[in-house]
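Spelled out, the chains give:
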Amino acid sequence: MSIVSAVPEDAGVVARLQVAFADEFDSPTPSVDVLEPRFRRLISDPAGTVLFAGSPPEPDGYAVVTFRPTVYCEGPLAVLDELYVRPGLRGRGIGTKLLAAAIDDMRRRGGGEMHINVDEPDTGARRFYERHGFVNIEFGGDGRMLCYIREFG
Ligand SMILES: CC(C)(COP(=O)(O)OP(=O)(O)OC[C@H]1O[C@@H](n2cnc3c(N)ncnc32)[C@H](O)[C@@H]1OP(=O)(O)O)[C@@H](O)C(=O)NCCC(=O)NCCS
């Protein structure tokens, strides 16, 4: 199973995976029609990347990573926006390969830090990230880091 970078023409494939991800967790999501042009823009933007495990049109999973300038390290700060493996294929190392490829991409850009937002009840995903070295306690501190969000409609 190989990891490949999506091209703008793959935007529809990514949009359908994104909707499948949201549906599995009963999360509200824009429709494929709305997401497809957004993913095309993101994939076309040097500050965004989508990785597939396996090949389109039926990849096994995907990761979405965005990059922004930061003063915390020389290169960009990476945000892992999405990581998803199709339900029947989990527990076979595909998520690990996608995460490793996302980290490799960040390091090639000179980045040194990756952020991930995880829902507290999603204990499977939390265990997965913790096993890969991610923490939710600031280094040297003892309180949990929290993510504050405000939506501006
Ligand atoms: C989290 C996820 C990407 C991991 O991918 P994966 O291919 O199953 O991961 P790997 O095979 O490399 O590693 C297996 C680990 O994934 C985690 N995991 C989370 N949900 C899992 C599931 N339903 N089945 C199997 N493993 C799962 C576990 O930590 C598991 O390790 P364990 O042996 O301690 O249970 C995948 O389970 C998934 O798509 N989950 C739903 C979407 C999600 O929660 N994404 C993260 C959002 S922040």
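Residues numbered from 1 in each chain as written. Predicted model: local features only at pLDDT ≥ 70, side-chain atom pairs only at ≥ 80, totals over all residues. Heavy atoms only, no water.

Visitor: What am I meant to see in the environment of tyrosine 62 here?
Guide: Checked against the element boundaries, tyrosine 62 lands in strand 3 (residues 61-68). Using a relative accessible area of 0% as the deciding quantity, one classes tyrosine 62 as buried. Non-local contacts of tyrosine 62, meaning those with residues more than four positions away in its chain, are made with Val14, Leu17, Gln18, Phe21, Val50, Leu51, Phe52, Glu82, Leu83, Tyr84 and Leu98. For tyrosine 62, the side chain forms a polar contact with the side chain of glutamine 18, separated by 2.6 Å. (Helix = DSSP H or I, 4+ residues; strand = E, 2+ residues; numbered from the N terminus. Buried < 20%, exposed > 50% of the residue type's maximum accessible area, 1.4 Å probe, protein only. Contact = heavy atoms within 4.5 Å. Polar contact = N/O pair within 3.5 Å; in protein donor to acceptor, adjacent residues only side chain to side chain.)

Visitor: For this particular structure, what's the right way to read the site of the ligand?
Guide: The ligand sits among 20 residues. The nearest are Gly93, Gly95, Thr96, Arg127 and Arg131. A distance of 3.1 Å separates an oxygen atom of the ligand from a polar backbone atom of arginine 92. At 3.3 Å, a backbone N or O of phenylalanine 128 approaches an oxygen atom of the ligand. Here the ligand, which alone exposes 860 Å², has 76% of that area covered by the protein. Secondary-structure elements contributing two or more residues to the shell around the ligand are strand 4 (77-85), helix 3 (94-108) and helix 4 (123-131). Ranked by the residues each element gives to the shell around the ligand, the list is headed by helix 4, at 6 residues. Residues that form the shell around the ligand fall into these classes: 9 nonpolar, 6 polar and 5 charged. (Near = heavy atom within 4 Å. Areas by Shrake-Rupley, 256 points an atom, 1.4 Å probe, with all protein chains shown as cover. Nonpolar A, V, L, I, M, F, W, Y, C, P; charged D, E, K, R; others polar.)

Visitor: Which parts of the structure should I look at to understand the packing of helix 1 (residues 11-24) against helix 2 (residues 32-44)?
Guide: When two helices pack together, their arrangement is given by the angle between the helix axes and the distance between those axes. At a closest axis distance of 8 Å, the pairing of helix 1 and helix 2 adopts a crossing angle of 125 degrees. Taken together, the axes of helix 1 and helix 2 lie oblique to each other. As for how helix 1 packs across helix 2, the hand of that crossing is right-handed. Every residue of helix 2 that contacts helix 1 at Ala11, Gly12, Val14, Ala15, Arg16, Gln18 and Val19 is listed here: Val32, Leu35, Glu36, Phe39, Arg40 and Ile43. (Axes fitted to C-alpha atoms, helices over the stretch in contact; angles between N-to-C directions. Parallel < 35°, antiparallel > 145°, perpendicular 65-115°, else oblique. Left-handed = near helix turned anticlockwise from the far one by under 90°.)

Visitor: What is the right way to look at the nonpolar core in this model?
Guide: Soluble, globular proteins show a tendency: their nonpolar side chains are buried together. In terms of nonpolar packing, the biggest core is built from 21 residues, with Val65, Leu80, Leu83, Leu98, Leu99, Met114 and Tyr129 touching the most fellow members. Counting only elements with at least two residues in this core, the list comes to strand 2 (48-53), strand 3, strand 4, helix 3 and helix 4. The leading source of residues in this core is helix 3, at 6 residues. Those residues within four positions of valine 65 in sequence are excluded, and the remaining contacts are Ala47, Gly48, Thr49, Ala78, Val79, Leu80, Asp81, Ala102 and Met114. Leu35, Ile43, Phe52 and Val64 belong to the second largest nonpolar core, which has 16 residues in total. (Core = buried A, V, L, I, M, F, W, Y, C linked by side-chain atoms within 4.5 Å.)

Visitor: Hey, could you run me through unusual backbone geometry in this one?
Guide: Excluding glycine, most residues fall at negative phi; most peptide bonds, likewise, are trans. In the segment running from proline 56 into proline 57, the intervening peptide bond is cis, with an omega of 15 degrees. Even without a glycine there, the phi angle at aspartate 26 is positive, about 50 degrees. The class for aspartate 26 is exposed, based on a relative accessible area of 72%.

Visitor: Help me understand helix 1 in this model?
Guide: Residues separated by three or four positions in an α-helix point in the same direction, a consequence of the helix having 3.6 residues per turn. With 14 residues, helix 1 should reach 20 Å at 1.5 Å per residue; the first-to-last C-alpha distance of 20 Å fits that figure. With 10 of 14 residues buried, helix 1 lies mostly within the body of the structure. By the burial criterion, the buried members of helix 1 are Ala11, Gly12, Val13, Val14, Ala15, Leu17, Gln18, Val19, Phe21 and Ala22. For helix 1, the elements touching its buried residues are helix 2, strand 2, strand 3 and strand 4. (Expected span 1.5 Å × (residues − 1).)

Visitor: Just checking my understanding: could you explain the sheet that holds strand 3 for this structure?
Guide: Consider a sheet: its strands pair through backbone hydrogen bonds, and that pairing is either parallel or antiparallel. The sheet built from 5 strands is open, its strands ordered 1-2-3-4-5 with mixed pairing. Of all the strands in the sheet, just strand 1 (3-5) and strand 5 (113-115) have a single pairing partner and so form its edges. Neighbour-to-neighbour, the strand axes of the sheet open up by a mean angle of 30 degrees, direction not taken into account. Bridge count between strand 1 and strand 2: 3 bridges; the pairing is antiparallel. (Pairing = 2+ DSSP bridges.)

Read these as spatial facts, not as claims about activity.
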